[in-house]
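What follows is the residue order along each chain.
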Amino acid sequence: FFFKQKTAYEISLGLVGSEMCIRDRSIGKVDPNVLKNLETAQKAQVPTDVYMAPCFFCGKPEQQADELATALKAYTIPTVWISVEGSWSTDLSKNHAFLKDLVAALKAKGMKVGIFTFAPSWERLMGKSFSELSDLPLWYVRWNSNPEADDFLPFGGWKKPTAKQYHASKKECGIHVDFDSFYSQGNENS
């Protein structure tokens, strides 16, 4: 299981893996607290993905990718997950271009990229027919306390998810964590 860091914490050696929000749309830049936690996680040999919440209104996607790559240059990051939720343009074609440019810029920096979203958010921001990025791994959200993906309904061209967030913001050991399952088969959408 993985969890989403919301505050600074000490990493336990019993943790299988973690992921952290490295670039938060609410502050429009890389969160410096996450870098310290990444360092701690990597010293403890905890595999750590990061997710970024891009800010559609805070600058070009290439600039945001450069910022992220610069912040992460000292770390080994298996996957950068792009969060597709929140405030984006009301123009779907602009959202498509922004997301495709962000994915391309991150890949050009040598990063493996995945998408973190849920069907209603994807459809609101990208539309029901946009499936150009379905070759990327999908981490979907369905808060129903069920870690299995048997409730997954295809959207955005994805037929199977790579991961599922099934419980949000539960307090464990004094910190708030999200519960996620990652599936060994990965993305089989090709």
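See above for the structure.
Nothing here was measured: the structure is a model prediction, and the numbers come from that model. (Residues numbered from 1 in each chain as written. Predicted model: local features only at pLDDT ≥ 70, side-chain atom pairs only at ≥ 80, totals over all residues. Heavy atoms only, no water.)

(A) Seen up close, the overall build of the chain. Secondary structure assignment for the chain yields four helices and nine strands. From first element to last, N terminus to C terminus, the chain shows the α and β order β-β-β-α-β-α-β-α-β-α-β-β-β. Taking all contacts inside the chain whose residues are at least 6 apart in sequence as the whole, residues at least 24 apart take part in 66%. Surface summary for the chain: the accessible area is close to 9300 Å², and the carbon and sulfur share equals 53%. (Helix = DSSP H or I, 4+ residues; strand = E, 2+ residues; numbered from the N terminus. Contact = heavy atoms within 4.5 Å. Areas by Shrake-Rupley, 256 points an atom, 1.4 Å probe, with all protein chains shown as cover.)

(B) Geometry of the packing of aromatic side chains. Enumeration over the complete set of coordinates arrives at 15 aromatic pairs. Relative to Phe182, the ring of Trp81 has its centre 6.1 Å away and its plane inclined at 75°; by these criteria the two rings are edge-to-face. In this pair, Trp81 sits in strand E5 (residues 80-83) while Phe182 sits in strand E9 (residues 175-182), placing the two residues 101 residues apart along the sequence. Relative accessible area serves as the criterion here: at 2%, Trp81 is assigned to the buried category. On the accessibility criterion, Phe182 (26% relative accessible area) is partly exposed. An angle of 70° between the planes, with centres 4.9 Å apart, marks the rings of Tyr140 and Phe152 as edge-to-face. With Tyr140 in strand E7 (residues 138-141) and Phe152 in the loop between E7 and strand E8 (163-172), this pair connects stretches of sequence that are twelve residues apart. Considered together, Tyr140 and Phe152 belong to a single accessibility category, that of buried residues. In this structure an aromatic cluster arises from ring pairing among Trp122, Phe130, Tyr140, Phe152, Phe155 and Trp158. (Phe/Tyr/Trp six-rings, centres within 6.5 Å; stacked < 30°, edge-to-face > 60°. Buried < 20%, exposed > 50% of the residue type's maximum accessible area, 1.4 Å probe, protein only.)

(C) Representation of the state of the cysteines in the model. All told, the structure shown has one disulfide when counted by the stated rule. Between the sulfur atoms of Cys55 and its disulfide partner Cys58 the distance amounts to 2.0 Å. As the torsion about the S-S bond is roughly 55°, the Cys55-Cys58 disulfide counts as right-handed. The exposure class assigned to Cys55 is buried, which follows from its relative accessible area of 9%. (Disulfide = S-S within 2.5 Å.)

(D) The environment of Phe152, seen in detail. By relative accessible area, which is 11% here, Phe152 ends up buried. Separated by ten residues in the primary sequence, Phe152 and Arg142 have C-alpha atoms spaced 8.4 Å apart. Those residues within four positions of Phe152 in sequence are excluded, and the remaining contacts are Leu138, Tyr140, Trp158, Lys159, Lys160 and Pro161.

Any functional reading would require information beyond the geometric quantities listed.
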